[in-house]
Amino acid sequence: MSKSGQPGQPGALHLGVALDGYGWHPQAWRTPAAGSVLDGRYWTDLARTAELGLLDFLTIEDTFTVQPGRRAAIDPRRLAGRADAVLVAARIAPATRHIGLIPVATVTHTEPFHVSKAIATLDFVSGGRAGWQTRVSATAHEAALFGRRDGALDVDGLFDEATDFVEVVRRLWDSWEDDAVIRDGATGRYIDRGKLHYIDFTGKHFAVKGPSITPRPPQGQPVVTALAHTARIYEFAAGSTDLVFITPTDDASVRALLAQVHAAGGAGLQVYADVAVSFHGEAFRSDALVFTGGATDLVDLLLSWQRLGIHGARLRPAVNATDLPVIVEQVVPLLQRAGRFRTGYRDGETLRARLGLPVAPNRYAVGPR
């Protein structure tokens, strides 16, 4: 369905939401009747609400720690325990039709082969709506969970490994050509073996032969994202991802962060501002700006930052049960009235297409045989 105000046209703003537990406030778990974060219905209800707001995508947090943050000690006053983000996204997929699904999958201590087939599978079951938020794991206590490394790696080493990891994943997505599955009953051939490719990747961190066991995803390349706070991560994002999340606090920091992204080689990278939203007015500690005003003031802020050069925003609800409905029922209508947001989804639109990303060619395809 084509409606006015679709992102990709001049003046349109992309808008996503970041979901983490009961919300980003450390005490969000105390919200009455919030349900269980280990219940699939909890997540599908949130996703349906976000889809009612016509949001571009939702992201789902994940870490190798029992609680958010990098501390090894477990705080009895905070939410502890989480479900696997990729599996949660797969649960959400059949309960929604349009909204993009971007789970976190950590690259440190894991294998690119497993992540590639998991995200490819998510792209299939969602009909081309999958993405992936990359993350590294830097602490000794997280490394101890796997028993593969002694202590934490330095940041440069982690992102050197992450660069290779994403490259392997992308090559595995391309290791099947789009028309490799032929299902030719007359000849008895299910696949055209000539359209499956060994990727033969050899680097410092991985040596992967391929091909994948999962055919090429519907999008070809699901959307790859990262949250970045430093120059080294901006460099990683510029070379390996489609979209980077930044954490500005005011107009000056928007300009400064955009300059840093461009200086790192990310002039063509899509940049989204993360903002934590607490419409009930209670501030809390966060790496992102914690906005405690009303919907009108938030829209004014987002549109002013859009004029400075951001492509969109990802909102982090302080409390999912109370702040997500405000985004859907107040923020989105204000953006629509300003002519800056869609009034409907396009049927069958992939996440790449919605975000205005180019069609991803297969690096191994050589044309008709």
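Okay, so let's go over this structure. Everything quoted here is computed from the prediction, not taken from an experiment.

Here is what the cut-offs are and how they apply
- Residues numbered from 1 in each chain as written.
- Predicted model: local features only at pLDDT ≥ 70, side-chain atom pairs only at ≥ 80, totals over all residues.
- Heavy atoms only, no water.
- Helix = DSSP H or I, 4+ residues; strand = E, 2+ residues; numbered from the N terminus.
- Salt bridge = Lys/Arg side-chain N within 4 Å of Asp/Glu carboxyl O.
- Buried < 20%, exposed > 50% of the residue type's maximum accessible area, 1.4 Å probe, protein only.
- Pairing = 2+ DSSP bridges.
- Phe/Tyr/Trp six-rings, centres within 6.5 Å; stacked < 30°, edge-to-face > 60°.
- Lys NZ or Arg CZ within 6 Å of the ring centre and 35° of its normal.
- Core = buried A, V, L, I, M, F, W, Y, C linked by side-chain atoms within 4.5 Å.

## Some details on unusual backbone geometry
Part 1: In the segment running from Gly-210 into Pro-211, the intervening peptide bond is cis, with an omega of -5 degrees.
Part 2: Looking at the secondary structure, you find Pro-211 in the loop between strand S8 (207-208) and strand S9 (223-227).
Part 3: One non-glycine residue with positive phi stands out, namely Leu-54, at about 60 degrees.
Part 4: Position of Leu-54 relative to the elements: it lies in the loop between helix H1 (40-52) and strand S2 (57-60).
Part 5: Even without being glycine, Asp-200 reaches a positive phi, approximately 45 degrees.
Part 6: In this fold, Asp-200 is placed in the loop between strand S6 (189-191) and strand S7 (201-202).

## Remarks on the pattern of salt bridges
Side chains that differ in sign of charge can pair as their charged atoms come close.
Part 1: Within the structure shown, the criterion is met by 25 salt bridges.
Part 2: With its nearest N and O atoms 2.8 Å apart, the salt bridge here joins Arg-135 to Glu-61. On the criterion of sequence distance, the pair formed by Arg-135 in strand S4 (residues 131-135) and Glu-61 in the loop between S2 and helix H2 (85-92) is long-range, its members being 74 residues apart.
Part 3: Under the relative-accessibility criterion, Glu-61 is labelled buried at 8%.
Part 4: Across the salt bridge formed by Arg-316 and Asp-287, the nearest N and O atoms sit 2.7 Å from each other. Here Arg-316 is found in strand S13 (residues 312-317), whereas its partner Asp-287 is found in the loop between strand S11 (270-277) and strand S12 (289-291), with 29 residues between them in sequence.
Part 5: Given the relative accessible area of 38%, Asp-287 is considered partly exposed.

## Side note on the pairing of S4
Part 1: Counting buried residues in S4 gives five out of five residues, a clear majority hidden from the surface.
Part 2: With burial as the criterion, each face of S4 is covered, one bearing Gly-131, Gln-133 and Arg-135 and the other bearing Trp-132 and Thr-134.
Part 3: As defined by bridge partners, strand S3 (residues 100-106) adjoins S4 across three bridges and the pair is classed as parallel. Bridge pairing links Thr-106 to Arg-135 in S4.

## Focus on the packing of aromatic side chains
Part 1: Taken as a whole and assessed by the stated rule, the structure comprises 10 aromatic pairs.
Part 2: Between the aromatic rings of Phe-165 and Phe-206, the centroid separation amounts to 5.7 Å while the plane-to-plane angle is 80 degrees, which identifies the pairing as edge-to-face. Here Phe-165 is found in helix H5 (residues 155-173), whereas its partner Phe-206 is found in the loop between S7 and S8, with 41 residues between them in sequence.
Part 3: Residue classification places Phe-165 among the buried residues on the basis of a relative accessible area of 0%.
Part 4: These aromatic residues form a ring-pair network of at least three members: Trp-132, Phe-165, Trp-173 and Phe-206.
Part 5: Lying over the aromatic face of Trp-29, Arg-30 brings its terminal NZ or CZ to 6.0 Å of the ring centre.
Part 6: Across the ring face of Phe-245, the terminal group of Arg-314 is positioned such that the distance to the ring centre comes to 3.7 Å.

## Here's the deal with the nonpolar core
Part 1: Formed by 90 residues in total, the largest nonpolar core has its most connected members in Leu-15, Leu-58, Trp-132, Val-275 and Leu-298.
Part 2: The element best represented in this core is H5, accounting for nine residues.
Part 3: Formed by 10 residues, the second largest nonpolar core is a distinct cluster that contains Ile-102, Leu-243, Leu-355 and Leu-357.

Worth remembering: the numbers are spatial, not functional.
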